[in-house]
Protein chains: 2
Amino acid sequence: MADKKMVEAITSMDVDFAQWYTDVVKKAELIDYTSVKGCMVIKPAGYAIWELIQQHLDARFKETGVENVYLPMFIPESLLQKEKDHVEGFAPEVAWVTHGGLNPLQERLCVRPTSETLFCDFYKNDIQSYRDLPKVYNQWCSVVRWEKETRPFLRSREFLWQEGHTAHATAEDAEARTIQMLNVYADFLEEVLAIPVVKGQKTDKEKFAGAVATYTIEALMHDGKALQSGTSHNFGDGFAKAFGIQFADKDNTLKYVHQTSWGMTTRLIGAIIMVHGDNEGLVLPPKVAPVQVCIIPIQQKKEGVLDKAYELRDRLKGNFRVKVDDTDKSPGWKFSEAEMRGYSIRVEIGPKDMEAGKCVICRRDTREKIEVALDELESKVAEVLDTMQKEMLERARAHREEHTYTATNMEEFQDIFNNKTGFVKAMWCGCQECEDQIKEKLSVTSRCMPFEQEDIAADCVCCGKPAKKMVYWGRAY
Amino acid sequence: MADKKMVEAITSMDVDFAQWYTDVVKKAELIDYTSVKGCMVIKPAGYAIWELIQQHLDARFKETGVENVYLPMFIPESLLQKEKDHVEGFAPEVAWVTHGGLNPLQERLCVRPTSETLFCDFYKNDIQSYRDLPKVYNQWCSVVRWEKETRPFLRSREFLWQEGHTAHATAEDAEARTIQMLNVYADFLEEVLAIPVVKGQKTDKEKFAGAVATYTIEALMHDGKALQSGTSHNFGDGFAKAFGIQFADKDNTLKYVHQTSWGMTTRLIGAIIMVHGDNEGLVLPPKVAPVQVCIIPIQQKKEGVLDKAYELRDRLKGNFRVKVDDTDKSPGWKFSEAEMRGYSIRVEIGPKDMEAGKCVICRRDTREKIEVALDELESKVAEVLDTMQKEMLERARAHREEHTYTATNMEEFQDIFNNKTGFVKAMWCGCQECEDQIKEKLSVTSRCMPFEQEDIAADCVCCGKPAKKMVYWGRAY
């Protein structure tokens, strides 16, 4: 049973979801730990997913007029301190550079935890007139936050992300861009990552340090916990006033710009794993699968088998990401490995298949096997990948629906979280005391006030006073 | 003469090349200075060039089997110190993180100046058997070196680059990969950036800290100074021994791996500017020009002109990077701006052209104007871009030939550098004393021992003893 070795080493997700997750990221060779506490190596199989995420997302950004830039990784302490709420939010968790070469620095620098202050410092000089607006800039980079507890992709001291930073002439333009980017994120998650999301606004307690409003997309993982998957912030003119970013408007008066920022990170890879993965390992939506088709020769030492495998690869490689597993491992081992790594389709081809002019293809998500005539391979592969992408979204959506509950009072609320996991929709009066109480009693946080409000009750689930908003609550990563 | 304002602000390159360079990077909006000393903002026009460089180079890497990864930006001090020569080379110029959040760190971390030590730490665990070899990994990231004097793109405290790090079973494999990547670099510079290079080996004095051999591509800038444009290092098994990176070979014995690393940086953008630029501004090789065609409507308020411009854009945009300058600036201003920013081709279209069924296209490098029938626009644009790309390389090569001299004794050697700028080929005995003397007397450094050796004299240009190598010497950025 050497063939099963790889798979047997994975903990079942039903036994211990956290251990299952750790096993998958390690066995699928997505990451490795390092001598640097809280920092990971993203290995080729993991980084290739990130490259595909970047390509899709960057193209969607550019369609909306985003331009990429690069700003320094260091922020002088005095710059970080210019916006009061912002520094309070971030100062406790930044890494400080105090020496350059052999000499102490006159002013210490933090390694960027996010770049609002740097963009403000830049925009202050770059923006003079209404003709310079809007600025719709983005950068792909890494940021550092000195987290105490870390987990691969979900929370690490350094992580990769994109951060968009925009400046606009009016409050309306800033709000429109904030919502536009949230929609870009939501569409990307659904159409590319096959992950359905709830779009909504964060409560004041949960919003970004320095923002007027934070919007979020929240996804539900397989274990019923929520994952904040992307956020878009409207800063109003708060940063502009703190940094003095003014422009001469058409009416010749000086006005402050209105700003936004929005970001998504490598934690999206964690989301993919936890939404789609199974006990065989990784399941990747075909659009971000580094290997969409893995051809596995059966009895590969028999004459013509390997050549046939290479021929099929050459036929497919113009339209798909394809490889042949021509190692000397057994077919069973190769099957397990292909499943562990989340290759979308496995193509089995051996002497008997060749004689019959067919091959067997196996879908990673359903593990369904289909016999395909060799001369129909291209169209069948395209069709299966397409179906798989769609059905993965549908399954994830169904799972979320099944794990979304409604509570109208604290007993119901408590009962749900004692016995189930998922999102709970409940009404809220809008005051932070109730939010705090709910967090204390149930160990759940408000995930968002969804754009699609439902009138499920008249009163706050906690205090019983008239409710203002329906809120999604959940335990979160 | 408001139209000429942009151009008049540039210093002539013949008057003051350094100031011309600074003017171009600023006026073409490639970079901006920041509050962080020695660090730059790379603005959209500059970053777009870097994105094109990345696309071309990354595709060439992947063709040779390179896989991308991401390693942490921090290196624990103890890790940096494991290889003696390496730490001596880099410790004086690294930035040190001493605090994480509110607490001092137990061990300080440096921000990576390069990642050999991190890759070794990773490979030590990742490589067990000959089956795990070769490892051919690369990462795109930024690195930090605490430079005292900085210049946009050429030398800054933080810069963007790629760093390849490989591990091999044998010394021969490592040497072959070192040379292979140098050739990838050289071909890329010639074929994509239109910059001819001299390929060769660095002397021991100039080689990388910790390397057995450093190979380099050296390019000549318009002012006759050299720019080291890419390097490829063979480490032998030195790092492997320092870090204990061993593998079980086919013969069941434990062996040390042999390693290489190779890198190119955003200084390539500096090279493009200084090889191809002119007194009108930036000249970009079409393959890395973010705007290859800029359509400028003449009398754009006349009916149909703007529509025609958009129509031409739509016809071209499938095959070229194209934009219409439909701002309310005058055509003259737009021409100057298009030249300053290095747009490869400017297309002028006005009412008279439309009537005649033609337009005027103007090549950025030669500023030659050609009348083109509108129905031949696609093919003519393709042809002109292709010609431009080739002729830019030819001109750069001719310039380098004209500025490459030969010296057989110190008088000649001194005379050349007193009166001219460029490369000087001269024989060398191989001892560092002569290299030091030449540097002291002439303020030039050995650029490389070219692979294409010429036997220009029997004796060392400095000491007169029998020569071992012909060396390229020059003043360098």
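This is a predicted model, so every value here is computed, not measured.

1. Digging into the side chain of Thr98 of chain A
Working step 1: Structurally, Thr98 of chain A can be placed in strand 5 (residues 95-100).
Working step 2: For Thr98 of chain A, the side chain forms a polar contact with the side chain of His99 of chain A, separated by 2.9 Å.
Working step 3: Side chain to side chain, Thr98 of chain A and Thr98 of chain B meet in a polar contact 2.8 Å long.
Working step 4: Excluding residues within four positions of it along the chain, Thr98 of chain A makes contact with Asn103, Pro104, Leu105 and Arg108 of chain A together with Trp96, Thr98 and His99 of chain B.

2. Describing the packing of helix 3 (residues 44-63) of chain A against helix 9 (residues 267-276) of chain A
All names here are of chain A.
Working step 1: Contact geometry for helix 3 and helix 9: axes closest at 10 Å, N-to-C directions at 105°. It follows from the interaxial angle that helix 3 and helix 9 lie roughly perpendicular. On helix 9, the residues that touch Gly46, Ile49, Trp50 and Ile53 of helix 3 are Leu268, Ile269 and Ile272.
Working step 2: By residue class, the composition of the contact of helix 3 with helix 9 is six nonpolar, one polar and no charged.

3. A short note on the interface of chain A and chain B
Working step 1: On the side of chain B, 51 residues touch chain A, which itself brings 51 residues to the contact.
Working step 2: Taking both partners together, chain A and chain B bury about 4200 Å²; carbon and sulfur atoms supply 63% of that area.
Working step 3: Inspection of the region where chain A meets chain B yields six salt bridges.
Working step 4: Its salt-bridge partner being Lys62 of chain B, residue Glu51 of chain A comes within 3.1 Å of it at the nearest N-O pair.
Working step 5: Applying the counting rule to chain A against chain B returns 25 residue pairs in polar contact (both at pLDDT 80 or more).
Working step 6: Sorting elements by how many residues they give to the side of chain A that touches chain B places strand 5 of chain A first, with six residues.
Working step 7: Of the residues in the side of chain A that touches chain B, the class split is 30 nonpolar, eight polar and 13 charged.

4. Observations concerning the packing of aromatic side chains
Residue and element names in this part refer to chain B.
Working step 1: A complete count under the given rule lists 38 aromatic pairs over all chains for this structure.
Working step 2: Geometrically, the ring pair formed by Trp50 and Trp140 is edge-to-face, given 5.9 Å between the ring centres and 75° between the ring planes. Of the two residues, Trp50 sits in helix 3 (residues 44-63) while Trp140 sits in strand 7 (residues 135-144), which places them 90 residues apart along the sequence. The same class applies to Trp50 as to Trp140, namely buried.
Working step 3: Each ring, one from Phe235 and one from Phe239, has its centre 4.8 Å from the other, and the planes form 75°; the classification is edge-to-face. Taken individually, Phe235 and Phe239 each receive the classification buried, so the pair is uniform in this respect.

5. Digging into the confidence of the model for chain A
Working step 1: Put simply, chain A has an average pLDDT of 96, and 98% of its residues get 70 or more.
Working step 2: For this predicted complex, the interface confidence score (ipTM) comes to 0.96, while the overall pTM stands at 0.96.

6. A closer look at the pairing of strand 8 (residues 158-168) of chain B
Residues and elements named next belong to chain B.
Working step 1: Where burial is concerned, most of strand 8 is hidden: 11 out of the 11 residues are buried.
Working step 2: Neither face of strand 8 is open: one carries Glu158, Leu160, Gln162, Gly164, Thr166 and His168, the other Phe159, Trp161, Glu163, His165 and Ala167, and all of them are buried.
Working step 3: Pairing geometry for strand 7 and strand 8, over 10 bridges, is antiparallel. From the neighbouring strand, Lys135 faces strand 8, where its bridge partner is Ala167.
Working step 4: Looking at chain direction, strand 8 and strand 14 (residues 258-265) are connected through eight bridges and run antiparallel. Bridging across to strand 14, Thr166 finds its partner in Thr260.

7. With respect to the sheet that holds strand 15 (residues 293-297) of chain B
Residue and element names in this part refer to chain B.
Working step 1: One open sheet holds the five strands; their spatial order is 16-15-17-18-19, and the pairing between them is mixed. Only two strands of the sheet have a single partner each, and these edge strands are strand 16 (322-324) and strand 19 (369-373). Strand-to-strand, the axes of this sheet are offset by a mean angle of 25°, without reference to chain direction.
Working step 2: Both strand 18 (residues 358-363) and strand 19 contribute to a ladder of five bridges, which runs antiparallel. Of the residues in strand 19, the one forming a bridge with Lys358 is Ala373.
Working step 3: Packing against the sheet, helix 10 (residues 305-316) makes contact with strand 15, strand 16 and strand 17 (345-349), and its axis sits at approximately 165° to strand 15.

8. Examining the pattern of salt bridges
Oppositely charged side chains are able to pair whenever their charged atoms sit close together.
Working step 1: All chains considered together, the criterion is met by 82 salt bridges over all chains.
Working step 2: Here Glu29 of chain A makes a salt bridge to Arg341 of chain A, at a shortest N to O gap of 3.4 Å. On the criterion of sequence distance, the pair formed by Glu29 of chain A in the loop between helix 2 (17-27) and strand 1 (31-33) and Arg341 of chain A in the loop between helix 11 (331-340) and strand 17 (345-349) is long-range, its members being 312 residues apart.
Working step 3: Here Glu29 of chain A falls in the partly exposed class, since its relative accessible area comes to 34%.
Working step 4: Under the relative-accessibility criterion, Arg341 of chain A is labelled partly exposed at 21%.
Working step 5: The residue Asp126 of chain B makes a salt bridge to Lys43 of chain A at a minimum N-O spacing of 2.9 Å. Separated into two different chains, Asp126 of chain B in helix 6 (residues 116-126) and Lys43 of chain A in the loop between strand 2 (40-42) and helix 3 make up a pair that spans both.
Working step 6: We classify Asp126 of chain B as buried; its relative accessible area is 12%.
Working step 7: Put simply, Glu280, Glu339, Arg346, Glu348, Arg367 and Lys369 of chain A are held in one network by salt bridges that share partners.

9. Focus: the relation of the copies chain A and chain B
Working step 1: In screw terms, the move from chain A to chain B is a rotation of 180° and a rise of 0.0 Å along the axis, fitting with an RMSD of 0.0 Å. Taken together, these values place the two copies in the relation of a two-fold axis. Every residue of chain A has its C-alpha some distance from the rotation axis, and the shortest such distance is that of Val97 of chain A, at 2.1 Å.
Working step 2: A high fraction, 100%, of the interface residues of chain A reappear at the interface in chain B, so the copies pair face to face through one surface.

10. Concerning the sheet that holds strand 4 (residues 74-76) of chain A
Working step 1: A sheet is described by the order of its strands in space; here six strands give the open sequence 4(A)-6(A)-5(A)-5(B)-6(B)-4(B), paired in antiparallel fashion. Each having just a single partner strand, strand 4 of chain A together with strand 4 (74-76) of chain B make up the two edges of the open sheet. For this sheet, the mean angle separating the axes of adjacent strands, direction not counted, is 45°.
Working step 2: Note that strand 5 of chain A and strand 5 (residues 95-100) of chain B share five bridges and pair antiparallel. Each bridged residue has a counterpart across the sheet, and for His99 of chain A the counterpart in strand 5 of chain B is Trp96 of chain B.

11. Overview of the side chain of Ser229 of chain B
Residues and elements named next belong to chain B.
Working step 1: Assignment of secondary structure puts Ser229 in strand 11 (residues 226-236).
Working step 2: A relative accessible area of 3% places Ser229 in the buried class.
Working step 3: Only 2.9 Å separates the side chain of Ser229 from the backbone oxygen of Leu227, close enough to count as a polar contact.
Working step 4: Sequence-distant contacts of Ser229, that is, excluding residues within four places in its chain, are made with Leu189, Ile217, Ala219, Met264 and Leu268.

12. Side note on the packing of helix 3 of chain A against helix 7 (residues 171-191) of chain A
Residues and elements named next belong to chain A.
Working step 1: Relative to each other, helix 3 and helix 7 sit at 140°, their axes nearing to 11 Å. Taken together, the axes of helix 3 and helix 7 lie oblique to each other. Crossing angle aside, the handedness with which helix 3 passes helix 7 is right-handed. Packed against helix 3, whose contacting residues are Ile53, His56, Leu57, Arg60 and Phe61, the element helix 7 presents Met181, Val184, Tyr185, Asp187, Phe188 and Glu191 at the interface.
Working step 2: For the contact of helix 3 with helix 7, the residue count by class is seven nonpolar, one polar and three charged.

13. Notes on the state of the cysteines
Working step 1: What the rule picks out here adds up to zero disulfides over all chains.
Working step 2: This cysteine, Cys39 of chain A, is not joined by any disulfide, and Cys110 of chain B carries the nearest cysteine sulfur, 13 Å off.
Working step 3: On the basis of relative accessible area, Cys39 of chain A is assigned to the buried category, the value being 2%.
Working step 4: Left without a disulfide partner, Cys463 of chain A is nearest to the cysteine sulfur of Cys434 of chain A, which lies 3.6 Å away.

14. Thoughts on the pairing of strand 9 (residues 198-201) of chain A
Residue and element names in this part refer to chain A.
Working step 1: Residues of strand 9 alternate between two faces, with Val198 and Gly200 buried on one and Lys199 and Gln201 left unburied on the opposite face.
Working step 2: In the sheet, strand 9 pairs with strand 10 (residues 213-220) via four bridges, with the strands oriented antiparallel. Bridged to Gly200 within strand 10 is Thr216.
Working step 3: In terms of strand pairing, strand 9 meets strand 22 (residues 445-450) through two bridges, oriented antiparallel. Paired with Gly200 across the two strands is Pro450, which belongs to strand 22.

Conventions adopted
- Residues numbered from 1 in each chain as written.
- Chains lettered and ligands numbered in written order.
- Predicted model: local features only at pLDDT ≥ 70, side-chain atom pairs only at ≥ 80, totals over all residues.
- Heavy atoms only, no water.
- Helix = DSSP H or I, 4+ residues; strand = E, 2+ residues; numbered from the N terminus.
- Polar contact = N/O pair within 3.5 Å; in protein donor to acceptor, adjacent residues only side chain to side chain.
- Contact = heavy atoms within 4.5 Å.
- Axes fitted to C-alpha atoms, helices over the stretch in contact; angles between N-to-C directions.
- Parallel < 35°, antiparallel > 145°, perpendicular 65-115°, else oblique.
- Nonpolar A, V, L, I, M, F, W, Y, C, P; charged D, E, K, R; others polar.
- Buried area = accessible area lost by both parts, 1.4 Å probe.
- Salt bridge = Lys/Arg side-chain N within 4 Å of Asp/Glu carboxyl O.
- Phe/Tyr/Trp six-rings, centres within 6.5 Å; stacked < 30°, edge-to-face > 60°.
- Buried < 20%, exposed > 50% of the residue type's maximum accessible area, 1.4 Å probe, protein only.
- pLDDT = per-residue confidence, 0-100.
- Pairing = 2+ DSSP bridges.
- Least-squares fit on C-alpha atoms with pLDDT ≥ 70 in both.
- Left-handed = near helix turned anticlockwise from the far one by under 90°.
- Disulfide = S-S within 2.5 Å.

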